Amino acid sequence: MTPVRWITLTALAGALALPPARAVAQEEVEVARADRSSFAAIPAGTDIPVTLSQDVTINEKNIGQTFEAQVTRDVIVDGDVAIRQGAPAQVRLVRNEKNQDQATLRLSGVQIGGEMRTVTTESARADTEKDRAGTAKKTGIGAAAGAVIGAVTGVGVVKGAVLGAGGGLAWGLLSGRDREVNNGTQLEFELSESVNTR
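Residues numbered from 1 in each chain as written. Predicted model: local features only at pLDDT ≥ 70, side-chain atom pairs only at ≥ 80, totals over all residues. Heavy atoms only, no water.

### Observations regarding the nonpolar core
Formed by 34 residues in total, the largest nonpolar core has its most connected members in Ile83 and Leu105. No other element matches the 5 residues that strand S8 (residues 99-112) contributes to this core. Setting aside chain neighbours within four positions, we find Ile83 in contact with Ile42, Ile48, Val71, Arg73, Asp74, Val75, Val110, Gln111 and Ile112. (Core = buried A, V, L, I, M, F, W, Y, C linked by side-chain atoms within 4.5 Å. Buried < 20%, exposed > 50% of the residue type's maximum accessible area, 1.4 Å probe, protein only. Helix = DSSP H or I, 4+ residues; strand = E, 2+ residues; numbered from the N terminus. Contact = heavy atoms within 4.5 Å.)

### Observations concerning the environment of Asp47
Mapped onto the elements, Asp47 comes out in strand S2 (residues 47-52). There is a polar contact of 3.1 Å between the side chain of Asp47 and the side chain of Arg125. (Polar contact = N/O pair within 3.5 Å; in protein donor to acceptor, adjacent residues only side chain to side chain.)

### A closer look at the pairing of S2
Here S2 lies mainly inside the structure; 5 of its 6 residues are buried. Both S2 and strand S15 (residues 186-190) contribute to a ladder of 5 bridges, which runs antiparallel. Following the sheet pairing, Asp47 is matched in S15 by Glu190. (Pairing = 2+ DSSP bridges.)

### Some thoughts on the confidence of the model for the chain
Mean pLDDT over the chain works out to 75, with 64% of the residues at or above the 70 mark. Within the chain, no element has a lower average pLDDT than helix H3 (residues 135-139), which sits at 42, and none a higher one than strand S4 (residues 66-71), at 98. Counting interchain partners and residues more than four positions distant, the pLDDT-below-50 stretch residues 29-37 has 12 contacts. Below pLDDT 50 for its whole length, residues 130-157 participates in 58 contacts with residues either more than four positions away or in separate chains. (pLDDT = per-residue confidence, 0-100.)

### Let's talk about unusual backbone geometry
Backbone geometry at Asp78 places phi at a positive 50°, although glycine is not the residue there. Note on placement: Asp78 falls in the loop between strand S5 (75-77) and strand S6 (80-83).

### Thoughts on the pairing of S8
Across the 14 residues of S8, 10 count as buried, placing the element largely inside the fold. Where strand S7 (residues 88-96) and S8 come together, 8 bridges link them in antiparallel fashion. The residue of S8 that forms the bridge with Leu93 is Leu105. A loop of 2 residues connects S7 with S8, the two strands running antiparallel in sequence. Bridge analysis of S8 against strand S13 (residues 169-172) gives 2 bridges, and the strand direction is antiparallel. Directly across from Gln102, in S13, lies its bridge partner Gly172. Bridge count between S8 and strand S9 (residues 115-118): 4 bridges; the pairing is antiparallel. Within S9, the position partnered with Ile112 by the bridge is Glu115. The antiparallel pairing of S8 with S9 creates a hairpin that spans 2 residues between the two strands, and Gly113 there sits at a positive phi of about 60°.

### Things to note about the environment of Pro88
Mapped onto the fold, Pro88 is located in strand S7. Between the C-alpha atoms of Pro88 and Gly114, which are 26 residues apart in sequence, the distance is 9.7 Å. Excluding residues that lie within four positions of it along the chain, Pro88 makes contacts with Ala69, Val110, Gln111 and Met116.

### Quick look at the pattern of salt bridges
A complete count under the given rule lists 7 salt bridges for this structure. In this structure, the salt-bridge partner of Arg73 is Glu188, at a minimum N-O distance of 3.6 Å. Placement of Arg73 in the loop between S4 and S5 and of Glu188 in strand S15 is noted, with a sequence separation of 115 residues between them. Classification of Glu188 as buried rests on a relative accessible area of 3%. (Salt bridge = Lys/Arg side-chain N within 4 Å of Asp/Glu carboxyl O.)

Next up, the structure:
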């Protein structure tokens, strides 16, 4: 076999080996495009459930820090999957607007259609999924604002959280000791602004 033919056959073999990887990448792109094209926006008021992927230490030092999470289950908009279960997400520890001596968690980013999008949400709530009465019913304390709770969230317990009037959770910063929201804790966030998906 001549050197030219050998080089040609080698190049051809290499080319034949590439398409499967390219096909997988192309398929992922097409799925992402399909996710984005079915609707223009996820409306304000949509609930996004997430599960923490790491422990969150509640203290002054961590105010403004982001922590990894993932979407707990599919988020549906108009019958279509807007955000897929398992999509990466990020939560941020911030001061409670109604009480600067408290901190709360807000969802700050979530992957939609293959891209991480910035989102604006209300404060974290315990994710009770099937029970919209939610935190109050599961803890048996009623929905009294300012009550200290240990809200069961499916996996993990939100220890020492203060329940706000709207069901939002907050943690005191002046107790003299750090609090932990554990890896695996399931939380839910309501979008306060719509999210453009295109």
